[in-house]
Amino acid sequence: MSMIFGVPMAVLSGQLLIGIINGAFYALLSLGLAIIFGLLKIINFAHGAMYMLGAMATVIMFDALDVNYWVALFLAPVLVGIVGVFVEYFLLRRIAGQDHIYSLLLTFGVALIMQGVLTNIYGVSGLRYAMPDMFKGGVNLGFMFMPYYRAWVIVAALLVCFGTWFMVEKTKLGAYLRAGTEDSQLMQGFGINVPLLVSLTYGFGVMLAAFAGVLAAPIYSVTPVMGSHILIVVFAVVVIGGMGSIGGAIITGILMGVVEGLTKTFYPPASSAVIFLVMVIVLMIRPHGLFGKES
Amino acid sequence: MSQIDIQSSIQKTILKQQKAEDRRKLVLNGILLMLLLLAPFVIYPVFLMKILCFALFAAAFNLLFGFTGLLSFGHAAFLATGGYTTGYLLSNYSGLTTEMGIIAGTLMATVLGLGFALLSIRRQGIYFAMVTLALAQLVFFFFVQSSFTGGEDGLHGVPRGELFGLINLEDNLNMYYFVLAVFLACYLLIQRIVSSPYGHVLKAIKQNEPRAVSLGYKVDRYKVLAFVISAALAGLAGSMKSVVFQLASLNDAHWHMSGEVILMTLVGGMGTLLGPVLGATLVVNIEYQLGQGPLRDWVDPILGAIFVITVLAFRSGIVGEVQKFVRKNIG
C-alpha cells in the first residue's frame, strides 16, 4: 500500500472525498448566504434552519405521502422557498433600512422558533431516510471506493452553484437584481418591482439551503438541530471567501471542506476548529476575505 | 430687579430642582438596595445569584454593544473561560481561597478579551459580529478537546471554599451577599465608565465613528479598551457562576449563550444601565418558570418569539421604551 506522509493512500483519498462532499454542502449553503447578504444586506441566521427544513421536509413527505427522492429534490426547496418569502414579507421587510445587526437578531429568533417547534414534535435523536435504490452501491476507482450517491452530491452541488453564479452575474435578471439593490428607487422608476425582487431573492437563497438539505437527507442524520452547527461553519466560510462574493463563497466552500478533510487525516483533534483558525489567519492578512472587495 | 439677580435666582431654582432629583434618586436607590439585601429571605438565594451573575454578564455585554455599538457574538467565550479557569483552579489547588480563583478567572478572560479585540477591532458591524463568533467557536472547540474541562460532562463539584480564607461560602446567604457586593461594585464601575469622558467618547464612536476619528480620537484604542473591560466583567460573571453552582460546563461556551446575552440586553434595553439587569432577570425568570410548567419543552421557541417581537416592535427594549414614554409625556 502506498503511503503519503505516513498515511495510507486509501485513507487519505477517503478523507479527501469526504472533504469534497462536505465542501459541496458548504458551497451550496454559503452561496445562499452570500446572495442574501450581498444583494439584500441581510445576515440570515435562519439559514441553518432552512437547510434543516429542507431535510426534514424530505423525510416527512416520504414517510407521510411516499414522495420519492426526485420529487422531494424539487418540492422541498420550493416549499422552503415559500416559507422564506413569508419570512421576508412579514418580518424582514419591517426592519429594512435599520442596522444590519437587527436582521441577524431577527433571523436568529426565527431559527430558534423553527428548531424548537420541530424538536418538540420529532425529538433530537434523528430521523432515518433510506438511500434511494438507484444510488445504492458504488464504483471502485482503483485507489478508492466511490459510492454513487456521493458522486451525485458533488455533481449536483457543482451544477447548482455554477448555474446560480451564472444567473446572478451574467444574465439580465441578475443584472436587475444587482441594480435593484444598488439603487432601488431608480430601478423602481424604471418599472421594476423591487420589493417583489427582494422577496424572491431571499426565497431563492433559502431554496439553495433547502436543496442542500435534501441532498444531505440520505447521508447525514436528519434532526431539527442539524442546521445549528453547520450554520456557524458556513458563516466562517462566507467570511473567508469575502462576504457577499458569490464566486468566492463557492470556491471557499469546497476548499474548506478539503482543508477539514486533510486535517482529519493528519491531526484529528483540530478538524472541527480548523476552519475558524483559517478564518482568523485570513482576516489578519486579507481583512476583506480571499475574494472580497474593499468596502 | 437687575439682570444678574434674575439669572442667579434661575440658577438657584435649577440647583434646587437638581437637589430634589438627587434626593429622589438616593431614596430610590436606597429602597432598591434594601430590597436586594432582604431578597434572599423571601426568594431562594441560588436563584437570585443566578440572576445576578447573568445580570452582570449582560451589563458587561451592554457596555460593548449598547454604549460602543459593537455587537460581539462571542461573549460566551469569556463567560466560559472565567468559569473553567476558576472551577479548575479551585478544584485542583486547595490552598487557593475563593476570591483568588475568581480573580484568576477574570484575568484569563481579560487576556482572552485582549486577544479577541486585537483580531477583530478593525472590522465593522456584522463583520465584527462574525469574527467574534468564529473566535468564540475556536475557544469552544478548545474546551471540547481539552482534558481539564471534563469534556461533555464539564467540571463538577467545584468547592465554594472560604472568602479570604475567613467567610464560609458554602452558606448560601454568605455566598449571596458576596455575589451581590461584586455585582453592585461592577454596576457602579460601569456607571462610572459610562458617565466619564471616556464613556462619552465611546458613545460618540457609536453615533458617528468617522466623526470621532476626524476629531482626533484614536478610535481603535478606545474600542479595544471597551472590549477588554467588557470581556473581563463577563469573565468575572462566569467565575462567580461556577462558584455559585459549583459547576462549569460547555453550555456556557456554546454560541447559543452568546445569543442569549444579546436577547437579555435587547429586551431590557440596550444602551441603558438598568436595561440589561432587567432583561437578565426577565429571561432567567421566563426560562425558570416555563421550565417548571407544562410549557417546559417550549422554552426555545418562546425565547425565539421574544427575540422576533423585540426586534420588530420595541427595539429600544423595556427601559428604553419607558424612557421614551417619560420624555414624551412628562419631561
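Above this note sits the structure.
Residues numbered from 1 in each chain as written. Chains lettered and ligands numbered in written order. Predicted model: local features only at pLDDT ≥ 70, side-chain atom pairs only at ≥ 80, totals over all residues. Heavy atoms only, no water.

## A word on the overall build of chain A
Within chain A, the regular secondary structure consists of 11 helices and 4 strands. Relative to the 2.2 N^0.38 estimate, which gives 19 Å for 295 residues, the radius of gyration of chain A is 19 Å and therefore close to what a compact globule would have. Taken along the three principal axes of its C-alpha coordinates, chain A extends 65 × 50 × 35 Å. Counting the 295 residues in chain A, one finds 53% classified as buried. Looking at chain A alone, contacts between residues at least 24 apart form 77% of all its contacts between residues at least 6 apart. As displayed, chain A has an accessible area near 12700 Å², and 69% of this comes from carbon and sulfur atoms. Here chain A carries 12 positive and 10 negative side-chain charges, and the mean point of each set is 4 Å from the other. (Helix = DSSP H or I, 4+ residues; strand = E, 2+ residues; numbered from the N terminus. Rg over C-alpha atoms; globule rule 2.2 N^0.38 Å. Buried < 20%, exposed > 50% of the residue type's maximum accessible area, 1.4 Å probe, protein only. Contact = heavy atoms within 4.5 Å. Areas by Shrake-Rupley, 256 points an atom, 1.4 Å probe, with all protein chains shown as cover. Lys, Arg positive; Asp, Glu negative; His and termini not counted. Charge placed at Lys NZ, Arg CZ, Asp CG, Glu CD.)

## Examining the overall build of chain B
Broken down by element type, chain B carries 13 helices and 4 strands. Here the C-alpha radius of gyration of chain B, 21 Å, is about what a compact globule of 331 residues would show, namely 20 Å. Based on the C-alpha atoms only, the size of chain B along its principal axes is roughly 80 × 50 × 45 Å. The buried share of chain B, reckoned over its 331 residues, is 51%. Once local pairs closer than 6 in sequence are excluded, the contacts in chain B between residues at least 24 apart make up 76%. Total accessible area on chain B stands at roughly 15800 Å², and carbon and sulfur atoms take up 64% of it. Between the averaged position of the 23 positive side-chain charges in chain B and that of its 17 negative side-chain charges there is a distance of 16 Å.

## Considerations on the interface of chain B and chain A
If you look at the interface, chain B gives 35 residues, while chain A gives 39 residues. Interface area for chain B against chain A, summed over the two sides, is near 3500 Å², with a carbon-plus-sulfur share of 82%. On the surface where chain B and chain A come into contact, there are 0 salt bridges. Secondary-structure elements contributing two or more residues to the side of chain B that touches chain A are α5 (125-145), α10 (255-268) and α12 (299-313) of chain B. Element by element, the count of residues in the side of chain B that touches chain A is highest for α5 of chain B, at 12 residues. Partitioned by chemical class, the residues of the side of chain B that touches chain A number 26 nonpolar, 5 polar and 4 charged. (Buried area = accessible area lost by both parts, 1.4 Å probe. Salt bridge = Lys/Arg side-chain N within 4 Å of Asp/Glu carboxyl O. Nonpolar A, V, L, I, M, F, W, Y, C, P; charged D, E, K, R; others polar.)

## Topic: helix α6 (residues 172-195) of chain B
Across its 24 residues, α6 of chain B extends 34 Å between first and last C-alpha, which sits within 8% of the 34 Å expected from 1.5 Å per residue. All of the buried residues in α6 of chain B are M175, Y176, F178, V179, L180, V182, F183, C186, Y187, I190, I193 and V194 of chain B. (Expected span 1.5 Å × (residues − 1).)

## Here's the deal with the side chain of T265 of chain B
In this fold, T265 of chain B is placed in helix α10. Not counting residues up to four positions away in its chain, the partners in contact with T265 of chain B are A58, F61, N62, F65, M270 and P276 of chain B.

## Description of the environment of V237 of chain A
Residue and element names in this part refer to chain A. With respect to the helices, strands and loops of the structure, V237 is situated in helix α9 (residues 226-241). Along the backbone, V237 and N44 are 193 residues apart, and their C-alpha atoms lie at a distance of 14 Å. Not counting chain neighbours up to four residues away, the residues in contact with V237 comprise Y26, S30, A249, T252, G253, M256 and I275.

## With respect to unusual backbone geometry
For K41 of chain A, which is not a glycine, the phi torsion comes out positive at approximately 60°. Of note, K41 of chain A is situated in the loop between α1 (9-40) and α2 (47-65). The residue Q246 of chain B is not glycine, and still its phi comes out positive at about 55°. Along the chain, Q246 of chain B turns up in the loop between α9 (219-245) and β4 (247-248). Under the relative-accessibility criterion, Q246 of chain B is labelled partly exposed at 27%.

## Some points on the state of the cysteines
All names here are of chain B. By the definition in use, this model includes 0 disulfides over all chains. C186 supplies the cysteine sulfur nearest to C53, a cysteine that is in no disulfide, at a spacing of 11 Å. Accessibility expressed as a relative area gives 1% for C53, which makes it buried. (Disulfide = S-S within 2.5 Å.)

## Some thoughts on the environment of Q185 of chain A
All names here are of chain A. Locating Q185 in the fold gives a position in helix α7 (residues 184-189). Q185 sits in the exposed class, given a relative accessible area of 67%. When the C-alpha atoms of Q185 and Q115 are compared, they prove to be 37 Å apart, with 70 residues separating the residues in sequence.

## Some points on a nonpolar patch on the surface
Together, L33, M34, L37, L38, F41, V42, I43 and Y44 of chain B make up a nonpolar patch on the protein surface, roughly 810 Å² of accessible area in all. Within the element layout of this structure, L33 of chain B appears in helix α1 (residues 3-38). (Patch = residues over 30% accessible without salt bridge, like charges linked within 9 Å, V, L, I, M, F, W, Y side chains within 5 Å.)

## A look at the pattern of salt bridges
Residues and elements named next belong to chain B. This model, assessed by the stated rule, comprises 5 salt bridges over all chains. In this structure, E209 engages K223 in a salt bridge whose closest nitrogen and oxygen atoms are separated by 3.0 Å. One end of the pair, E209, is in helix α8 (residues 209-214); the other, K223, is in helix α9, and 14 residues separate them in sequence. We note that E209, like K223, is buried. With its nearest N and O atoms 3.8 Å apart, the salt bridge here joins K324 to E321. Taken together, the residues K324 and E321, both in helix α13 (residues 317-329) and 3 residues apart, mark about one turn of the helix.

## Some words on the nonpolar core
Core analysis: the largest hydrophobic core is formed by 206 residues, its most contacted members being F45, Y202 and L215 of chain A. If one sorts the elements of this core by residue count, helix α2 (residues 45-68) of chain B sits on top with 19 residues. Every residue in contact with F45 of chain A, bar those within four places of it in the chain, is listed here: L104, T107, F108, A111, L231, I232 and F235 of chain A together with F73, M130, L133 and W255 of chain B. (Core = buried A, V, L, I, M, F, W, Y, C linked by side-chain atoms within 4.5 Å.)

## Considering the packing of helix α5 (residues 148-170) of chain A against helix α8 (residues 194-216) of chain A
All names here are of chain A. The N-to-C vectors of α5 and α8 enclose an angle of 170°; their axes lie 11 Å apart at closest approach. Comparing their axes, α8 and α5 come out roughly antiparallel. Listed contacts from α8 to Y149, W152, V153, A156, V160, T164 and M167 of α5 are F204, L208, F211, V214 and L215. A class-by-class count of the residues in the contact of α5 with α8 yields 11 nonpolar, 1 polar and no charged. (Axes fitted to C-alpha atoms, helices over the stretch in contact; angles between N-to-C directions. Parallel < 35°, antiparallel > 145°, perpendicular 65-115°, else oblique.)

## Points about the environment of F47 of chain B
Residue and element names in this part refer to chain B. Within the fold, F47 resides in helix α2. For F47, a relative accessible area of 14% corresponds to the buried category. Each C-alpha atom of the pair F47 and I193 lies 29 Å from the other, and the pair is 146 residues apart in sequence. Ignoring any residue separated from it by four or fewer positions in sequence, one finds F47 in contact with V284, N285 and Y288.

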